[in-house]
Amino acid sequence: MFVLQVVIVLLLVVAAVVALVLQVRHDSTQEATNRSLAVAETFANAPGTREALSSPDPTAVLQPRAEAARERSKVDFIVVLNTDGIRYTHPKPDRIGKKFVGTLEPALEGRSFTEEITGTIGPLVQAVVPVKADDGKVVGLVSAGITTENVGGVADRQLPLLLTAAAAALALALGGTALVSRRLLRQTHGLGPFEMTRMYEHHDAVLHAVREGVIIASGEGRLLLANDEAHRLLDLPRDAEGRHVLELGLDTDTAGLLASGRVATDEVHLVGDRLLAINQRPTDLKGGPAGSVATLRDSTELRALSGKAEVAREHLKLLYDAGVGIGTGLDVTRTAEELAEVAVPRFADYVTVDLADAVLSGEEPEAGTDLRRTAFSGIRKDAPLYPVGERIRFVESSPQARSIGTGQAVVEPSLREAPGWLAQDLERTAQVVEYGIHSLIIVPVRVGHLVMGVVNFWRSEKPEPFDEEELALAEELVARAAVSIDNARRYTREHTMAVTLQRSLLPRNLPEQSALDIAYRYLPAQAGVGGDWFDVLPLSGARVALVVGDVVGHGLHAAATMGRLRTAVHNFSALDLPPDELLGLLDELVGRIDQDEAAEDSGAAITGATCLYAVYDPTSRKCTVARAGHPPPAVVSPDGSVEFPEVPAGPPLGLGGLPFETAELELEEGSRLVLYTDGIVEDRGRDIDVGLELLRTALAGADRSPEDTCQGVLNALLPDRPGDDIALIVAGTRALGADRIAEWQVPSDPAAVGEVRASVTRQLAEWGLDDLAFATELMLSELVTNAIRYGTGPIQVRMLRDRSLICEVFDGSNTSPHLRYAASTDEGGRGLFLVAQLAERWGTRYAPTGKVIWTEQPLP
């Protein structure tokens, strides 16, 4: 076995020597090839070479450069040629201008190549490299060559030394075979050749099958090993192994890292169109050979997936913010503005919302393409788009009209190439394109079958047009906003209906009367229609009734109930009922309303209402007030002081069971009587006592008109966003002077009727009302006669000269006369009929001690 081993070692040494000689010769040729090619490429790409070829005398420029480069690079020649193969440079100047010896066709086609030829200086390897212009055209050639003798001479001189070394190696191999065998057995743990072969095969298979690139470089920076994945990722040449890392054509950063051998962990480098994560460790940490091992991982797809995930996250965040930020109120315009604001600049550079006019007023729009620009938001304010508020009629070819007609979203990737959109407004669309807006998405604002308008998403900053994924996001965004817009539209419709109903039930104009100088304010709540109301009612005897009320609750039902109460007060006031009795009748009415609602189980029952009713008499300057759960009135004296009179509160209307009480106030002429609802003094942020003090402060001050007082109260107490209706009446009191009042006491004697007639005639003459004397005498005669005949004493006659002539007959009886048609045989019944024909108005009112029959006649 030992002899066999010696023979084998001898054969191996001989084979190694032969192979080494052959390899040396091969390497000589390869070295000549590489050096000539490298020198030719370097000179061809050197600064100034291409420019020199186009100069008037290329030889003058290039010959010294070529010779200097030849001496430094240790090649035998560097020749610069034109495309016809004529030499511009040569080590031997006498050969300049002559035809080049060798193959030029591949270089003229733009490819570098090498060839082995036998030239005038012997066997050599020469390389021919094209010199290209910026457009890729070949404008010249560079050839560099070196003789194989110059390259291989060193190897031939080293051959004796090589043979000596081989003999020494043979001797050493024979002596160390045993040692090596024992060490191999120890290092392989006794594995035989078969097991070692399997291990190597597995190692090689794993190395080349792994999805990470593996590169092993020597301490000098030469590539020792690169697996298949490394070749693919770095696009290495086939002969990469053995070459220096810097010569592999890699980018500077990546080549520098691999050649340096420094430690790197997940360092990302852009190689071609790939993002590579590089990890590198030295191999000599535990006594190994100098060098480094690097692994390469392609993170391009991971980065792309990460980018997509980030985009998806941004889209979800946008939709979430839209759900939170759109529809914060119940105003159509504000909701459209919120939609435009949330999408800029996160999704589009400009967003415009166009809605039908009917939607803005709360109605369902009819089919058509006439819309109004409702909202705009953009990264700049100078975009040449239609301004907010402008009414737009979209032509049939426009994408907006198509979207409205089909109910489907439309994307225009290039507005410059969208004839339908361009036809909308040739001048404006040209300005939009010139401004830089290049892509558009139109999404209909649709809820079910109802299309309320369109939302336009415009792009200018990103060069890429909108894509299908962004179209889907725009549809989702608008779909969410459309629900809020429709809710706001429905609320607007219902609110408008409620406000219209409420205003139709409130007084539009104050009636004519002389007792009070009245100013008022009525402000409905912004959150919803309430049941606050007021009224001014002229009564008989120049008196005026003031009433304010508040129905508990909001909405149409509260407004309708308010209208019913106001109508009831009108009817009850026509009976000239005292304030406490009138409130009692209202209390019963509200109770019946609640019972009816509870029986229907509608869920909209009114739990009550408050009311204040005051009657002012200008003849006595007395005001009779009663209230049902309502805030007390305020009285501002002529000197500007303010007080809240003690008026029994009484329970709110609808509770029943308790009577109401009245208070009688005597007001100086020029005083201001202030009635209001709780929206003035109550607020979530303050107590009612604080509100009353604020009201006192706002009312204080002399020489202020009712109109100025109203405005001052609102300026001081009106909240920014009223949560309840506000009703306010300021009435400046007037007195009916004694010169405009005439009174007579009448005894219960029919003969006194004549004296009354005479006195009336004289008084009318003093007032200059002689034209009314006949009718007035006749009416008073009938009324006084009836009082004497059917009533009880005392009897009193009073005439008031106000806006009309008022005649009143007082008696102590509670019996009310009734108008009837007397038959031809009846003795009575014609007098009251005559009174009704002569007077413009007439009626009866009751007093604590009897009744009053009154008439009114217009002044001439």
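The structure under discussion appears in the preceding block.
## Comments concerning empty space enclosed by the protein
Here's step 1: What the rule picks out here adds up to one cavity of 30 Å³ or more.
Here's step 2: Estimated volume of the largest cavity: approximately 120 Å³.
Here's step 3: Lining of the largest cavity is provided by Arg373, Pro384, Leu385, Tyr386, Phe394, Gln400, Trp421, Gln424, Arg428, Thr429, Val432 and Trp458.
Here's step 4: Take the lining of the largest cavity: its biggest share by element is three residues, from helix H15 (residues 426-435).

## Some remarks on the packing of helix H19 (residues 688-699) against helix H20 (residues 706-717)
Here's step 1: Relative to each other, H19 and H20 sit at 140°, their axes nearing to 9 Å. As judged from the angle between their axes, H19 and H20 are oblique. The handedness of the crossing between H19 and H20 is right-handed. Between H19 and H20, the residues in contact are Gly691, Leu694, Leu695, Ala698 and Leu699 and Thr709, Gly712, Val713, Ala716 and Leu717, respectively.
Here's step 2: The residue inventory of the contact of H19 with H20, partitioned by class, reads seven nonpolar, three polar and no charged.

## What about the pattern of salt bridges?
Here's step 1: Scanning all chains against the criterion turns up 37 salt bridges.
Here's step 2: Put simply, Glu267 and Arg262 hold a salt bridge, and the shortest N to O gap is 2.9 Å.
Here's step 3: Relative accessible area serves as the criterion here: at 22%, Glu267 is assigned to the partly exposed category.
Here's step 4: Between Arg566 and Asp535 there is a salt bridge, with its nearest N and O atoms 2.7 Å apart.

## Observations concerning the sheet that holds strand E27 (residues 795-801)
Here's step 1: Across the sheet, which stays open at both edges, the five strands sit in the order E26-E27-E28-E30-E29 with antiparallel pairing between neighbours. Across the chains shown, the open sheet's two edge strands, defined by having one partner strand only, are strand E26 (741-746) and strand E29 (841-847). Strand after strand, the sheet turns through a mean of 15° between neighbouring axes, direction not considered.
Here's step 2: Here E26 runs beside E27; their pairing, made up of six bridges, is antiparallel. Each residue of the ladder has a partner; that of Ile741, found in E27, is Leu800.
Here's step 3: Along the sheet face, helix H21 (residues 752-767) touches E26, E27 and strand E28 (804-811) and points at about 170° away from the line of E26.
Here's step 4: Of the strands in this sheet, E26, E27, E28 and strand E30 (850-858) are in contact with helix H22 (residues 773-790), which crosses E28 at around 15°.

Each value, and the rule that gives it
Per chain, the residues get numbers from 1 upward, laid out in the order the sequence is written. Owing to the predicted nature of the model, reporting of local features is limited to residues with pLDDT of at least 70; listing and counting of side-chain atom pairs is limited to 80 or more, with chain, interface and lining totals taken over all residues. In computing side-chain values, all of the structure's heavy atoms are included and hydrogens and water are not. Points on a 1 Å grid, built from protein atoms alone, make a cavity when a 1.4 Å probe fits but cannot get out and make a pocket when they are open with protein on both sides within 12 Å along at least 5 of 7 lines; residues with an atom within 4 Å of a point are the lining residues. Grid points are joined across faces, edges and corners, and a volume is the space filled by probe spheres set on the points. Helical segments are the DSSP runs of H or I of at least four residues, strand segments are the runs of E of at least two, and each set is numbered from the N terminus. The axes are straight lines fitted to the C-alpha atoms, using for helices just the contacting stretch, and the angles between their N-to-C directions are given from 0 to 180°. Angle categories: roughly parallel below 35 degrees, roughly antiparallel above 145, roughly perpendicular from 65 to 115, and oblique for all the rest. Whether a crossing is left-handed or right-handed is set by the direction in which the near helix is turned from the far one by less than a right angle, anticlockwise for left-handed and clockwise for right-handed. Every residue pair with non-hydrogen atoms within 4.5 Å of one another is taken to be in contact. Just so you know the grouping, Ala, Val, Leu, Ile, Met, Phe, Trp, Tyr, Cys and Pro go in nonpolar, Asp, Glu, Lys and Arg go in charged, and all remaining residues, Gly too, go in polar. The salt bridge definition used is simple: a Lys or Arg side-chain nitrogen within 4 Å of an Asp or Glu carboxyl oxygen. The rule is simple: take the accessible area with a 1.4 Å probe, protein chains only, and divide by the maximum for that residue type; under 20% is buried, over 50% is exposed, in between is partly exposed. Strands are labelled as partners when DSSP assigns at least two bridges between them.

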